[in-house]
Amino acid sequence: MHKKTENLINLDRQYLWHPFTQMKTWLACDPVVIESGDGFYLIDTEGNRYIDAISSLWCNVHGHRVKKIDDAIKDQLDKIAHSTLLGLAQTKSIELAEKLVAITPKNLQKVFYSDSGATSVEIALKIAYQYYQNQGQKRNKFIALGQSYHGDTIGSVSVGGIELFHSIFKPMLFDTYFVPAPFPYRFDGTAEECKKFTLDKIEETLKKHSDSIAALIVEPLVQGAAGIIVHPKGFLKETRALTKKYDTILITDEVATGFGKTGKMFACEIEQIEPDIMCLAKGITAGYLPLAATLTTQKIFDAFLGNPDDFKTFYHGHTYTGNALGCAAALASLELFEENKILESLSAKIDLIADYLKKISSLNFVGNTRQRGMMTGIEIVKDKQTKKSFDYEKFIGAKLCAAMRSKGVMLRPLSDVIVLMPPIAINLDTLKKLLDILYDTIKNDLPKIVK
Ligand SMILES: *Cc1c(COP(=O)(O)O)cnc(C)c1O
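Counting of residues starts from 1 at the beginning of each chain's written sequence and follows it residue by residue. Under the rules for a predicted model, residues below a pLDDT of 70 receive no local features and side-chain atom pairs below 80 are neither given nor counted, while totals for whole chains, interfaces and linings still include all residues. Hydrogens and water molecules were not included; the side-chain quantities draw on all heavy atoms of the structure.

Undergrad: Explain the overall build of the protein chain to me, and be specific about the residues and the numbers.
TA: Helix and strand assignments follow DSSP, with helices taken as H or I runs no shorter than four residues and strands as E runs no shorter than two, numbered in order from the N terminus. The helix and strand inventory of the protein chain stands at 16 helices and 17 strands. For the radius of gyration, the atom set is restricted to C-alpha positions; the globular benchmark scales as 2.2 Å times the number of residues to the power 0.38. For the protein chain, whose C-alpha radius of gyration is 22 Å, the value lies close to the compact-globule estimate of 22 Å for 451 residues. Taken along the three principal axes of its C-alpha coordinates, the protein chain extends 65 × 60 × 45 Å. Within the protein chain, buried positions represent 54% of all 451 residues. Burial classes follow relative accessibility: with a 1.4 Å probe on protein chains only, a residue under 20% of its type's maximum area counts as buried, one over 50% as exposed, and anything between as partly exposed.

Structure follows, in structure tokens:
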């Protein structure tokens, strides 16, 4: 190891606290220190190259150091990096809002900016709540799915259903009605029955509490952080129908699914639904800068109009709301979607992943493979028949990813689910290389790891 790397690791150990990380474990290992990027590769301080197989936590779209985005940010830097949207308008935030309204479902007409997925969800929840308050209705409850993930701020955690992350904070949270996620692999019955089971629970909850429910929030089609739970076909469309029937706002959190990951620009397009509120973050700037947007309908927006002393104003904002550098990066990314025909290029890659999953699913210890577009989960289990998982303390998923790292693939598991989410613009050659390493490691290294 080079002296420079050693120094950096020591400083990291001395000064940093990493997210979602048991720091005792961290302090006992030598982390990879990333210094640069090159297309779909990350490069560490030792000069090792790794395929960025989780797109730098699900946000990178076109790769790293993409000239057009780099230049757009540099150009914007020559004008201004940031100015506030509180009381002022700003060129790039206007241009981007027009584009976002044009590419999202057509009922979405207004863009409220913030800076992370969690804040985009906080904003959605607060808008839904105040929308009813402004009309004299007291609706302060939400419906969410079990094992859902919407970010780590208190409001987002309140609608989150991942026990491992969320249960410790329970006493701090507001009440939410949770219905079980439609997760066919862990359901005793067919996918159709699984879907119906959840839909019935949703309808029951809506029927019983409809005048106190402000919104139902859902990750459309795929629950990412739960381990790539892919919902049964039609679930989203029927959920939309139920929220309409009981006159409740539907919030779709497209923070993970947005910007091409499901095969279309947005997951909502696949089941042709229009949500009342949509949350966007992660891929919005192609993984360059922190920016988020919450989109709403004209009807919701109009419910906040009034004289200042009507107190209908939405009193919410962040210092970096609508940051100009972030908006410039987002605009360049959207141009690249068109120039490089990114969406049109996806089906060949999606098919290639599906081909490999067929082979992978027959390997030992592979309980279930799940794919929706470029989002893939491979669930490792102790017993394929009973679907019994390995003990948590065995850290099988983490060890498997470590084995792939030494072969030049950077992955991060969710417990024992290996999550594959490369930048969607990845070329077929690099994707194939990544899938070969994945197949080889599950076939040859996993049996030794589980011993
Ligand atoms: C990642 C994620 C979030 C949180 O986004 P941050 O930018 O990390 O706050 C919210 N919802 C979903 C579905 C996500 O995948």
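Undergrad: Residue-level account of helix α9 (residues 191–209), with values.
TA: Compared with an ideal rise of 1.5 Å per residue, which puts 19 residues at 27 Å, α9 spans 27 Å between its outermost C-alpha atoms and is within 8% of the ideal. Taken together, the buried positions of α9 are C194, K195, T198, L199, I202, E203, T205, L206 and H209. Seen end-on, α9 carries its buried residues on one side only, within an arc spanning 165°. Those residues of α9 that are exposed and aimed more than 90 degrees away from the buried face are E192, K196, E204, K207 and K208. Considering only its buried residues, α9 is in contact with β5 (141–145), β6 (176–179), β7 (213–218) and α10 (235–245). Every helix has an expected span of 1.5 Å times one less than the residues it contains. Picture the helix axis, draw a direction to every C-beta atom, and the arc is the one those directions span. Only heavy atoms matter for contacts: two residues are in contact if any of them lie within 4.5 Å across the pair.

Undergrad: Give me the lowdown on helix α4 (residues 67–79), citing residues and values where you can.
TA: Compared with the 18 Å implied by 1.5 Å per residue over 13 residues, the 19 Å span of α4 between its first and last C-alpha is a close match. Elements that come into contact with the buried residues of α4 comprise α5 (91–103) and α13 (324–339).

Undergrad: Describe the nonpolar core, naming the residues involved and giving the relevant values.
TA: L411 and L438 are the most contacted members of the largest nonpolar core, which totals 100 residues. Each domain's extent is set by a domain assignment, obtained either automatically or from a database. Shared between two domains, this core holds at least three residues of each, these being domain 1 (32–62 + 341–449) and domain 2 (70–339). Beyond its immediate sequence surroundings of up to four residues, L411 is in contact with A53, I54, C401, M404, I418, V419, L420 and L438. Residues A128, A144, A214 and I249 belong to the second largest nonpolar core, which totals 25 residues. We define a nonpolar core as any set of buried Ala, Val, Leu, Ile, Met, Phe, Trp, Tyr and Cys residues linked to one another through side-chain atoms lying within 4.5 Å.

Undergrad: Requested: an account of the sheet that holds β7, with residues and values cited.
TA: By way of backbone hydrogen bonds, the strands of a sheet pair with one another, either parallel or antiparallel. Reading across from one edge, β4-β12-β11-β10-β7-β5-β6 is the order of the 7 strands in this open sheet, with mixed pairing throughout. With one partner strand each, in any of the chains shown, β4 (108–114) and β6 form the two edges of the open sheet. Sheet twist, expressed as the average angle between the axes of neighbouring strands with direction ignored, equals 20°. Here strand β11 (residues 277–280) runs beside strand β12 (residues 292–297); their pairing, made up of 4 bridges, is antiparallel. By the convention used here, strands pair only if DSSP detects at least 2 bridges between them. Note on method: axes are straight lines fitted to C-alpha atoms, helices fitted across the in-contact stretch only, with angles between N-to-C directions ranging 0 to 180 degrees.

Undergrad: Provide a residue-level description of the packing of α5 against α13, including the pertinent values.
TA: Taken N-terminus to C-terminus, the directions of α5 and α13 make an angle of 40°; their axes are 9 Å apart at the nearest point. If you check the angle between α5 and α13, you find them oblique. Regarding α5 and α13, the two cross each other, and that crossing is left-handed. Counting all contacts with α5, which are made through K92, S93, E95, L96, K99 and I103, the residues of α13 involved are A324, C327, A328, A330, L331 and L334. For the contact of α5 with α13, the per-class residue count stands at 8 nonpolar, 1 polar and 3 charged. Roughly parallel means an angle under 35 degrees; roughly antiparallel, over 145; roughly perpendicular, 65 to 115; everything else is oblique. In this scheme the crossing of two helices becomes right-handed for a clockwise turn of the near helix relative to the far one and left-handed for an anticlockwise turn of less than a right angle. Nonpolar residues are Ala, Val, Leu, Ile, Met, Phe, Trp, Tyr, Cys and Pro. Charged residues are Asp, Glu, Lys and Arg, and all others, Gly as well, are polar.

Undergrad: Give me the pattern of salt bridges: which residues, what numbers.
TA: Any Lys or Arg side-chain nitrogen located within 4 Å of an Asp or Glu carboxyl oxygen qualifies as a salt bridge. As enumerated under the stated definition, the model contains 21 salt bridges in all. A salt bridge links K68 to E335; its shortest N-O distance comes to 3.0 Å. With a gap of 267 residues between them, K68 in helix α4 and E335 in helix α13 connect regions that are remote in the sequence. Under the relative-accessibility criterion, K68 is labelled partly exposed at 26%. What makes E335 partly exposed here is its relative accessible area of 38%. Of the charged contacts in the structure, one is a salt bridge between E95 and K92, with a shortest N-O distance of 3.5 Å. Of the two residues, E95 and K92 both sit in helix α5, 3 residues apart, roughly one turn of that helix.

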